[in-house]
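Structure at a glance
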Amino acid sequence: MELTDLAKAVCQIARNAGDEIMRIYENEKSFQIEHKEDQSPLTIADRNANKIICDQLMQLDILHPIISEETKTVPFVERKTFSRYWLVDPLDGTKEFIKRNDEFTVNIALIDENEAIMGVVYAPALKEMYWAVKGHGAHFEKEGQAQQLRAAHFSMEDEGLKVVCSRSHLNEATQTFIKKLKLPSKVATGSSLKFLILAKAEAHVYPRLGPTMEWDTAAAQIVLEEAGGKVISEETGEPLRYNKENLLNPYFTAYGQVQH
């Protein structure tokens with residue numbers, strides 16, 4: 001199966017998970033909110049979407065291992081042997097889901113040799129689908145309309161850059177980053193939509209100088225990269241890579257088509 005055909009099948013899986021998320025979203029009493037060990041919230045929507053995605057990925061003609069936020073982590077001694085695998089966040093932006101602000105996403109990435117080569121991100125409340133395959137561009141679909149995405153061209157010396165910020169995380173390091181820019185404006189949104197705003201050329205830069213996990217970023221990273229942008233580790237100066245022993249990402253900054 002060609003990766004572009006596989007991506008379309010995965011888009012449908014993401015829609016199916018999104019339909020279940022929205023069924024629960026429309027009845028706030030059914031959220032069944034719990035908290036994980038790190039005190040991050042977990043709802044029945046996270047669990048149900050995870051089951052749908054994992055079950056349907058295992059029904060595809062081509063089978064790969066799955067690493068998901070809501071599934072027990074595969075030990076590194078086993079997963080370090082994975083050359084290609086699925087990396088899943090069934091509901092990114094659970095806090096936004098609970099707040100009912102529509103800014104949450106389903107994220108499914110295909111990782112090959114530690115690099116995202118396919119990504120699908122679906123925002124079910126917004127009915128927005130984003131997908132990309134390495135070398136085949138970034139795509140956006142909504143209400144039957146499709147378009148290819150291209151991130152904005154800019155320099156970090158430009159005035160009025162739009163800086164994407166989390167609604168839930170705006171720490172001192174991020175504020176310091178913003179203060180170095182010339183007359184910037186902030187664009188607040190939740191979940192992996194922060195990358196996609198860059199891919200759509202609606203903002204320029206997204207500093208994430210706080211913790212994220214690998215499943216939070218992989219699918220949206222390849223969409224942004226295929227739109228001409230990049231996601232750069234603050235530790236290495238290189239693009240984010242995956243299947244590390246510790247699944248915690250380093251701090252990073254995502255850019256549109258920045259000129260150095």
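Summary of the structure given here. (Residues numbered from 1 in each chain as written. Predicted model: local features only at pLDDT ≥ 70, side-chain atom pairs only at ≥ 80, totals over all residues. Heavy atoms only, no water.)

Here we come to the overall build of the protein. Each helix and strand counted, the protein has seven helices and 16 strands in total. For 260 residues, the compact-globule formula gives about 18 Å, and the C-alpha radius of gyration of the protein, at 17 Å, lands near that figure. Expressed along its principal axes, the backbone C-alpha trace of the protein runs to roughly 50 × 40 × 40 Å. Sequence separation of 24 or more characterises 62% of the internal contacts of the protein that already satisfy a separation of 6 or more. For the protein, the distance from the average position of its 30 positive side-chain charges to the average position of its 39 negative side-chain charges is 3 Å. (Helix = DSSP H or I, 4+ residues; strand = E, 2+ residues; numbered from the N terminus. Rg over C-alpha atoms; globule rule 2.2 N^0.38 Å. Contact = heavy atoms within 4.5 Å. Lys, Arg positive; Asp, Glu negative; His and termini not counted. Charge placed at Lys NZ, Arg CZ, Asp CG, Glu CD.)

Each aromatic ring pair is summarised here by two numbers: the centre-to-centre distance and the angle between the ring planes. Summed over the entire model, instances satisfying the criterion amount to eight aromatic pairs. Between Tyr130 and Phe140, the ring centres sit 4.9 Å apart and the planes meet at 40 degrees, which makes this aromatic pair tilted. Of this pair, Tyr130 sits in strand β7 (residues 128-133) while Phe140 sits in strand β8 (residues 138-142), and the two are ten residues apart along the sequence. Accessibility expressed as a relative area gives 2% for Tyr130, which makes it buried. (Phe/Tyr/Trp six-rings, centres within 6.5 Å; stacked < 30°, edge-to-face > 60°. Buried < 20%, exposed > 50% of the residue type's maximum accessible area, 1.4 Å probe, protein only.)

We now examine the pattern of salt bridges. Across all of its chains, the model carries nine salt bridges by this definition. A salt bridge links Glu141 to Arg15, with the shortest nitrogen-to-oxygen separation between them at 3.2 Å. In this pair, Glu141 is assigned in strand β8 and Arg15 in helix α1 (residues 3-25), connecting sequence segments 126 residues apart. Glu141 gets classed as partly exposed once you look at its relative accessible area, which sits at 26%. (Salt bridge = Lys/Arg side-chain N within 4 Å of Asp/Glu carboxyl O.)

Now for the environment of Glu214. Along the chain, Glu214 turns up in helix α7 (residues 214-226). A sequence separation of 113 residues divides Glu214 from Asn101, and the C-alpha atoms of the two residues are 24 Å apart.

This brings us to α7. Between its terminal C-alpha atoms α7 stretches 19 Å, which fits the 18 Å expected from 13 residues at 1.5 Å a residue. For α7, the principal kink sits at Ala220 and spans about 30 degrees. Looking only at α7, the buried set comprises Glu214, Trp215, Asp216, Thr217, Ala218, Ala219, Ala220, Gln221, Ile222, Val223, Leu224 and Glu226. Looking one or two places after α7, you find Gly228, whose phi comes out positive at around 105 degrees. (Expected span 1.5 Å × (residues − 1). Bend = angle between axes of the 7 residues up to and from the residue.)

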